[in-house]
Amino acid sequence: MLPQLTIKGKIIRVPIIQGGMGVGVSLHPLASAVAEEGGVGIISSACLDRIVSKRNNKKTDSYEAAYEEVSLAKARGGFAGINIMCALVKDFEASVRGALDAKADAIISGAGLPMGLPGIQAPKDTALIPIVSSSRALELICKKWERFGYRPDAVVLEGPLAGGHLGFKIEQVDLESNKLENLLPPVLDMAKKYGDFPIIVAGGIYTNADIRRFLNMGAKGVQMGTRFLVTDESSATDEYKQAVVRSKDEDIIVATDPGSPCGLPFRVIKQSPMYVSALKRLRKPKCDKGAVLMKDAEGKFTRCPAKESNEHYFCICNGLLSSAGYNSNVEEPLYTVGTNASRVNNIVSVKSLMDELAGKVLVASS
């Protein structure tokens, strides 16, 4: 059995945080189910305004969408929060405010360093949890947050085996020094330097034994995405889930060219219809969202490379929306997964998965 996890005075019965998988995979049905089983359920803010607008048949902005989805995730009890990516520049602050007003238990933020997060609005009882991939990144955040009189309530350390965007250059992904077990000790030391807050590890964790191994190394909890992706309560399409179940080791790749408009390595299933089409480099730009933006010549966030060319970039907004059952008439789906996706061989309920991960039931190793 696993020990409890305490974050900002809240005692979490099972030290498992379900990853906030966007777009539209981690919504309130999944998050609330995880919360009920004693973990922390997390929704994703990515394109959430579009998802909630379609669901309610009513125009909903980013603030309203975050407020509604967090409220629904918390409605059945337990702990629930939201993942808000820094790269979603246009929606970032509004999503933070909506989540805080809905009394989210946690805001987890990565895809860039959330330097100004504590200054947006007083967090009160909501834990602010940045995602980092190194001790250097953690120190930069801690020094910046000191100006707000705040320190992280916990930190997610994400290694290069995670799904989606990776916080490493492509040539760094397979380095021995970047294995999660090697990244953890200096991050633990840095956390002690700035107040000894809990470190939650993520990327490549699959079994109860994996969880216990990292807890024994000093982590206080884990974050897991792929295993929750293939559950009954996940909002991924059945086609997405079946693609994971069918996947083999060689099907899981890190895409860079074509790749994400963020410019970060992006782990996907190579048979994803969008990725297959993108490899042909003959597609016209279909991006009509502009949610993931980069700086222009004036330093303003106005550019989306996928709007300009699909030769080297794919539109992850539309591709991931399609993977959750939205926008299929606009774009083909893109299936993002963690490195252990090929070990998944069936779709299960959140309860059975949590029982397995918590050590309540014994399972044969994959």
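Above this text you will find the structure in question.
Residues numbered from 1 in each chain as written. Predicted model: local features only at pLDDT ≥ 70, side-chain atom pairs only at ≥ 80, totals over all residues. Heavy atoms only, no water.

A. Structural view of the pairing of strand β4 (residues 40–44). A large share of β4 lies buried, amounting to five of its five residues. Side chains Val40, Ile42 and Ser44 project from β4 onto one buried face, and the interleaved Gly41 and Ile43 project onto a second face that is buried too. Alignment of β4 against strand β5 (residues 79–83), held across five bridges, turns out to be parallel. Paired with Val40 across the two strands is Phe79, which belongs to β5. (Buried < 20%, exposed > 50% of the residue type's maximum accessible area, 1.4 Å probe, protein only. Helix = DSSP H or I, 4+ residues; strand = E, 2+ residues; numbered from the N terminus. Pairing = 2+ DSSP bridges.)

B. Spatial organisation of the nonpolar core. Counting 105 residues, the largest nonpolar core has Ile16 and Phe228 as its most contacted members. If you tally residues by element for this core, the top one is helix α6 (residues 180–193), at seven residues. Apart from residues lying up to four places away in sequence, Ile16 is in contact with Leu2, Gly39, Val40, Ile211, Val222, Met224, Phe228, Met354 and Leu357. Grouped together as the second largest cluster of nonpolar side chains are 15 residues, Ile12, Val40, Ile42 and Ile108 included. (Core = buried A, V, L, I, M, F, W, Y, C linked by side-chain atoms within 4.5 Å. Contact = heavy atoms within 4.5 Å.)

C. Molecular detail of helix α7 (residues 208–216). Residues of α7 that are buried: Asn208, Ile211, Phe214 and Leu215. Down the axis, α7 shows its buried residues gathered within 130° of arc, on one side only. Looking at the buried residues of α7, the elements they touch are β3 (16–18), α6, β10 (199–202), β11 (221–224) and α13 (350–358). Remark: Gly218 follows α7 within two positions and exhibits a positive phi of approximately 120°. (Arc of directions from axis to C-beta.)

D. Inspection of empty space enclosed by the protein at higher detail. Evaluated as defined, the whole model comprises two cavities of 30 Å³ or more. Put simply, the largest cavity is a space of about 70 Å³. Taken together, Ile7, Lys10, Ile12, Ile17, Val40, Phe79, Asp105, Ala106, Ala127 and Ile129 make up the full set of residues lining the largest cavity. Of all elements in the fold, only β2 (10–12) and β7 (127–132) reach the threshold of two or more residues within the lining of the largest cavity. Of the residues assigned to the lining of the largest cavity, the class counts are eight nonpolar, no polar and two charged. Its volume calculated, the second largest cavity comes out at about 50 Å³. Looking at the second largest cavity, the residues that line it are Ser45, Ala46, Cys47, Leu48, Asp49, Ser62, Ala66, Leu88, Asp91 and Ser95. Of all the secondary structure elements, the ones that give two or more residues to the lining of the second largest cavity are α2 (48–56) and α3 (62–74). Residues belonging to the lining of the second largest cavity are distributed by class as follows: five nonpolar, three polar and two charged. (1 Å grid on protein atoms, 1.4 Å probe; cavity = no way out; pocket = protein on both sides within 12 Å on 5 of 7 lines; lining within 4 Å. Points joined across faces, edges and corners; volume = space filled by probe spheres on them. Nonpolar A, V, L, I, M, F, W, Y, C, P; charged D, E, K, R; others polar.)

E. Layout of the pairing of β5. Counting buried positions along β5 gives four out of five residues, so the element sits mostly inside the fold. Bridge count for β5 against strand β6 (residues 106–109) is two bridges, and the pairing is parallel. When the sheet's bridge partners are listed, Ile82 is paired in β6 with Ile107. Traced from β5 through helix α4 (residues 92–101) to β6, the parallel crossover comes out right-handed. (Right-handed = clockwise from strand over helix to strand, strands pointing away.)

F. Broad picture of α3. Taking 1.5 Å of rise per residue, the 13 residues of α3 would be expected to cover 18 Å, and the 18 Å separating its terminal C-alpha atoms lies within 8% of that figure. Of the residues making up α3, those classed as buried are Ser62, Ala65, Ala66, Glu69, Val70 and Ala73. In a view along the axis of α3, the buried residues occupy a sector of 120°, so they form one face of it. Looking at the buried side of α3, the elements it contacts are α1 (28–36), β4, α2, β5 and α4. (Expected span 1.5 Å × (residues − 1).)

G. Seen up close, the environment of Asp61. Relative to the assigned elements, Asp61 resides in the loop between α2 and α3. With relative accessibility at 39%, the residue Asp61 sits in the partly exposed group. Distance in space between the C-alpha atoms of Asp61 and Ile316 is 20 Å, their sequence separation being 255 residues. Among the polar contacts made by the side chain of Asp61, one reaches the main-chain amide nitrogen of Tyr63 at a distance of 3.2 Å. (Polar contact = N/O pair within 3.5 Å; in protein donor to acceptor, adjacent residues only side chain to side chain.)

So, to be careful, I would describe these as geometric facts and stop short of saying anything about function.
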